[in-house]
Amino acid sequence: MFPNSPNLGCSSFPGKLQGSSDLIRFPLNLASSLVSQQFIESQYNAKNARALLSAGNSSASTMSPHAWPITDGNPAAGASQNRKRRSDERNGPFDTKKQRFLSPQSVSTSNHAVPFRSDRRYSMPGSSRSLHHPLLQTPDVGCVPSLRDFPFMDYLKTSLPLARDKLSQQILDIFQACQQQVSDLEKKELCRAELQREIQRVYPGSRLFLVGSSMNGFGTRSSDADLCLVITNEPVDQRTEARHILNIVQQLFFRLSYIERPQLIRAKVPIVKFRDKVSLVEYDLNVNNIVGIRNTFLLRSYAFIEIRIRPLVLVVKKWASHHGINDASRGTLSSYSLVLMVLHYLQTLPEPVIPSLQKLYPDCFDPSVHLHRVHLGSLQIPPYLSKNTSTIGDLFLGFLKYYATDYNWDTLMISIREAKAMQRPSDNEWKDKFICIEEPFDRTNTARAVHEKIKFDTIKEEFQKSYEKIRNNKDLNVILPVRSAIQRR
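Quick caveat, the model's predicted, so the values are computed rather than measured.

Enquirer: I keep staring at the overall build of the protein chain and nothing clicks. Help me out?
Expert: The helix and strand inventory of the protein chain stands at 14 helices and nine strands. Taking the contacts inside the protein chain whose residues are at least 6 apart along the sequence as the reference set, 70% of them involve residues at least 24 apart.

Shown next, in the form of structure tokens:
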């Protein structure tokens, strides 16, 4: 599918490797196994993690004063930058005077460490203990098997709730037609692996994670994909360093025949937008937005803890898109905010459908957990047995009613971390904001894009009008044409 791809024909682990104690064991667990391949260095990455892109790509000659020195794993490497290079250092894999990529046949390197600014140990946010950089502890293993080789791909066939009324059946019909399929995820994963291989020629030891709805269980067949490029575990200045890195990545993408329209968007969290010509999927790539990796697996845990959640979230997203209130770039709600709103509603019912997972399982979602172990937290979480027996149709009606008539938008803040609506803090992050939804890890406002009163009024009006239209006849078509929603996928 991808020109000159070393991934084509990549088979599963050879038999002689499957028994090796050096390999990570792939637990056949729904919540973690699907993403294990993102935390493992594949064989082709180990073979193709080349030297740093040279000054010809402007990464060496234009690097900012705060950029990371490139080392070969020796803490002292690069310490004496003014000394004359020894003869054995010239023309090596980190000879940044070269004006082009090193030939794939010219260098044989191991997986080099992620470059750092100075010291190699850091205190993780929210932790008092000093931890090694998580990516330095990622083991090297053999070729990542195809997603088809694992029985956990049957997760899409998980049982669905019974439809005891017309509205519930309509919701389930949309969900079954529109939910992301195995083939959709495979295409995204193949592109991710290819791009990681290419980026590692520029930033050896970096990792590229598939995040957002593609991985959290709430994706649709038409969902775009979000990627997070992790260069270092230190905070990255999004206005300077992240833009500098993304500019290099954008230039790299211009050279890839299967990528089209790479565009650098200079937002608060800058991204490179592009499209994969093979799968026709649109991608957004950010740098070191690590909280996105953590909340992806938190939401994934919620997605599979109760069988009513995924269909409910999907139809809410379809409804919001149909009414034009699901686009943060246009000043309305992001899909992430909508998911948090649904989870909050389910947590605050008189008989909750779900609990706060961060409260029940704090160790599983501790922000100090190493990145390559974040996905393992879901292994510890069993299904939640709720005493709430409401149908999906009733829950959807209740969701609309809650935000149309019950929730106080002016004084409250949504928090799934605390499983309740809280009084807004008085600091600038929350002051004078129209909608306040707490990000469960870094505790910022995920709804900050809603900064115009006219957009805020439109959002409230859509909740009120939709609830009034559907509460009597309970036919989804009056607020979301079912056939049209299914056709759009």
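There's plenty left to go through after this.
Enquirer: Looking at this structure, I do not really get the packing of aromatic side chains. What am I missing?
Expert: Each aromatic ring pair is described using two quantities: the centre-to-centre distance and the angle formed by the ring planes. If you walk through the whole model with that rule in mind, you get 16 aromatic pairs. Centre to centre, the rings of Tyr402 and Tyr407 are 5.9 Å apart; their planes meet at 45°, and the pair counts as tilted. Both residues of the pair, Tyr402 and Tyr407, belong to the buried class. Aromatic ring contacts, followed pair by pair, group Trp319, Tyr345, Phe399, Tyr402, Tyr403, Tyr407, Trp409, Phe434, Phe456 and Phe463 into a single cluster.

Enquirer: What exactly am I supposed to notice about the pattern of salt bridges here?
Expert: Two side chains of opposite charge can pair, provided their charged atoms sit close to one another. With the rule as written, the count across this model stands at 17 salt bridges. Glu198 is the salt-bridge partner of Arg197, the closest N and O atoms lying 3.0 Å from each other. Relative accessible area serves as the criterion here: at 4%, Arg197 is assigned to the buried category.

Enquirer: What is the right way to look at the pairing of strand β4 (residues 225–230) in this model?
Expert: Taken residue by residue, a regular strand's side chains alternate between the two faces of the sheet. Counting buried positions along β4 gives five out of six residues, so the element sits mostly inside the fold. With five bridges connecting them, strand β3 (residues 207–211) and β4 associate as antiparallel partners. What sits directly across from Leu208, in β4, is Leu229. Pairing between β4 and strand β7 (residues 282–287): five bridges, direction parallel. Bridge pairing links Cys228 to Asn286 in β7.

Enquirer: I tried to follow the nonpolar core on my own but got confused; where do I start?
Expert: Nonpolar side chains in soluble globular proteins tend to be buried together. Core analysis: the largest hydrophobic core is formed by 69 residues, its most contacted members being Met341, Leu346, Phe396, Tyr403, Phe463 and Leu476. Residue assignment for this core shows that the elements contributing at least two residues are α4 (166–178), α8 (291–303), α9 (309–322), α10 (335–347), α12 (392–406), β8 (412–415), α13 (453–473) and α14 (482–488). With nine residues, the single largest contributor to this core is α12. In terms of nonpolar packing, the next biggest core, distinct from the first, is built from 31 residues, Leu227, Leu229, Val236 and Tyr283 among them.

Enquirer: Mind showing me how you'd approach the sheet that holds strand β5 (residues 259–265) here?
Expert: To summarise the sheet geometry, strands pair through backbone hydrogen bonds and adopt either a parallel or an antiparallel arrangement. With respect to topology, five strands assemble into an open sheet ordered β3-β4-β7-β6-β5, the strand pairing being mixed. Two strands close off the open sheet at either side, each with one partner strand: β3 and β5. On average, each strand axis in the sheet is tilted by 25° relative to the strand beside it, whichever way the strands run. Strands in contact with helix α5 (residues 182–199) are β3, β4, β5, β6 (271–276) and β7; relative to β3, the strand with the most contacts, it is inclined by about 160°. Here helix α7 (residues 241–254) sits on the sheet and contacts β4, β5, β6 and β7; the angle it forms with β5, its principal contact strand, is near 165°.

Enquirer: Sorry, what's going on with empty space enclosed by the protein here?
Expert: It is a probe the size of a water molecule, rolled over the atoms, that shows where empty space is left. Enumeration according to the criterion identifies four cavities of 30 Å³ or more in this entry. Looking at the largest cavity, its volume works out to about 80 Å³. Looking at the largest cavity, the residues that line it are Arg294, Phe297, Leu298, Ser301, Cys364, Phe365, Asp366, Val369, Val374, Ser378 and Phe441. Residue composition of the lining of the largest cavity, by class: seven nonpolar, two polar and two charged.

Enquirer: For this particular structure, what's the right way to read the packing of α9 against α12?
Expert: Any two packed helices are characterised by the angle at which their axes cross and by the distance between the axes. It is at 10 Å that the axes of α9 and α12 come closest, and there the two elements cross at 45°. As the angle between them shows, α9 and α12 are arranged oblique. Read as a crossing pair, α9 and α12 show a hand that is right-handed. Between α9 and α12, the contacting residues are Pro311, Leu312, Val315, Val316 and Trp319 on the first element and Ile392, Leu395, Phe396, Phe399 and Leu400 on the second. Residue classes in the contact of α9 with α12 are distributed as 10 nonpolar, no polar and no charged.

Enquirer: What is the right way to read α13 from this model?
Expert: Residue pairs spaced three or four apart in an α-helix point in one direction, given the helix's 3.6 residues per turn. For α13, which comprises 21 residues, the first-to-last C-alpha distance of 32 Å matches the rise-based estimate of 30 Å (1.5 Å per residue) to within 8%. All buried positions along α13 are accounted for by Phe456, Ile459, Glu462, Phe463, Ser466, Tyr467 and Ile470. Those residues of α13 hidden inside the fold are in contact with α4, α9, α10 and α12. Lys474 lies just past α13 and shows a positive phi near 50°.

Enquirer: Please explain the environment of Glu198 as it appears in this structure.
Expert: For Glu198, the position within the fold is in helix α5. Spatially, the C-alpha atoms of Glu198 and Leu256 are 9.0 Å apart, while their sequence positions differ by 58 residues. Apart from the residues within four sequence positions on either side, Glu198 is in contact with Leu252, Leu256 and Tyr258.

Reading guide: rules and limits
Residues numbered from 1 in each chain as written. Predicted model: local features only at pLDDT ≥ 70, side-chain atom pairs only at ≥ 80, totals over all residues. Heavy atoms only, no water. Helix = DSSP H or I, 4+ residues; strand = E, 2+ residues; numbered from the N terminus. Contact = heavy atoms within 4.5 Å. Phe/Tyr/Trp six-rings, centres within 6.5 Å; stacked < 30°, edge-to-face > 60°. Buried < 20%, exposed > 50% of the residue type's maximum accessible area, 1.4 Å probe, protein only. Salt bridge = Lys/Arg side-chain N within 4 Å of Asp/Glu carboxyl O. Pairing = 2+ DSSP bridges. Core = buried A, V, L, I, M, F, W, Y, C linked by side-chain atoms within 4.5 Å. Axes fitted to C-alpha atoms, helices over the stretch in contact; angles between N-to-C directions. 1 Å grid on protein atoms, 1.4 Å probe; cavity = no way out; pocket = protein on both sides within 12 Å on 5 of 7 lines; lining within 4 Å. Points joined across faces, edges and corners; volume = space filled by probe spheres on them. Nonpolar A, V, L, I, M, F, W, Y, C, P; charged D, E, K, R; others polar. Parallel < 35°, antiparallel > 145°, perpendicular 65-115°, else oblique. Left-handed = near helix turned anticlockwise from the far one by under 90°. Expected span 1.5 Å × (residues − 1).

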